[in-house]
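An overview of the molecular structure
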Amino acid sequence: MKTAICPGSFDPVTRGHIDIIKRAAKLFDKVVVVVMMNFNKRDSYFTASERVELLKRSLKDTTNVEVDMYSGLLAEYADKVGACAVVKGLRAVSDFEYEFQMALTNQKLNPDFETVFLTAKAEHMFLSSSVVKQVCEFGGDISEFIPEETSEDIIKRIKERKQSL
Ligand code: PNS
């Protein structure tokens, strides 16, 4: 059985993330979506457990996808769950340098672990969790950017956080 990991900070999950996860689920027998820590993004809007819950809700209609969280290295987590690959979405050239560095680091740490890149859909090329937070904080409509099942909670949290600043 071939298992792949879809890791990310998912703060919060977007429709772009869900598209990549569902496409990965068609290529592999099992996909484990894992909420991890990005060393450069420590000030999160949602706790890791909240992010897991939002992902589970968005992926409730998938059968071969699990959601988990982990606070260590991705290469180490791959061994833990017996995954042969990590699947990442690539939006544009700007993603490439960072993703290439991550892929090479993971390959060094765990040589049996491959990185597979899927190109983002054209309509998601601009989309990121930061764009979602920024548009919402400035009063824009983010309902098309995030999974429908999560929109009430995500909008509420971003607005609460803005008020507390
Ligand atoms: O959604 P993001 O923020 O682009 O996801 C990045 C993430 C969390 C996948 C990446 O930072 C990661 O793999 N973190 C775990 C620690 C790790 O293994 N880092 C790579 C070697 S330095």
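A brief look at the structure comes next. All values derive from a computational prediction rather than experimental measurement.

About the criteria used
Residues numbered from 1 in each chain as written. Predicted model: local features only at pLDDT ≥ 70, side-chain atom pairs only at ≥ 80, totals over all residues. Heavy atoms only, no water. Helix = DSSP H or I, 4+ residues; strand = E, 2+ residues; numbered from the N terminus. Contact = heavy atoms within 4.5 Å. Buried < 20%, exposed > 50% of the residue type's maximum accessible area, 1.4 Å probe, protein only. Polar contact = N/O pair within 3.5 Å; in protein donor to acceptor, adjacent residues only side chain to side chain.

**Considering the environment of Val81**
Examined against the element boundaries, Val81 turns out to sit in helix H3 (residues 74-81). When the C-alpha atoms of Val81 and Thr63 are compared, they prove to be 17 Å apart, with 18 residues separating the residues in sequence. Leave out the neighbours within four places in its chain, and Val81 touches Thr3 and Ile5.

**Quick look at the side chain of Arg51**
Structurally, Arg51 is set in helix H2 (residues 48-58). Judged by relative accessible area, which is 9%, Arg51 ranks as buried. A distance of 3.4 Å separates polar atoms of two side chains, one belonging to Arg51 and the other to Ser44. Those residues in contact with Arg51, other than ones at most four positions away along the chain, are Ser9, Phe10, Asp11, Val35, Met36, Ser44 and Phe46.

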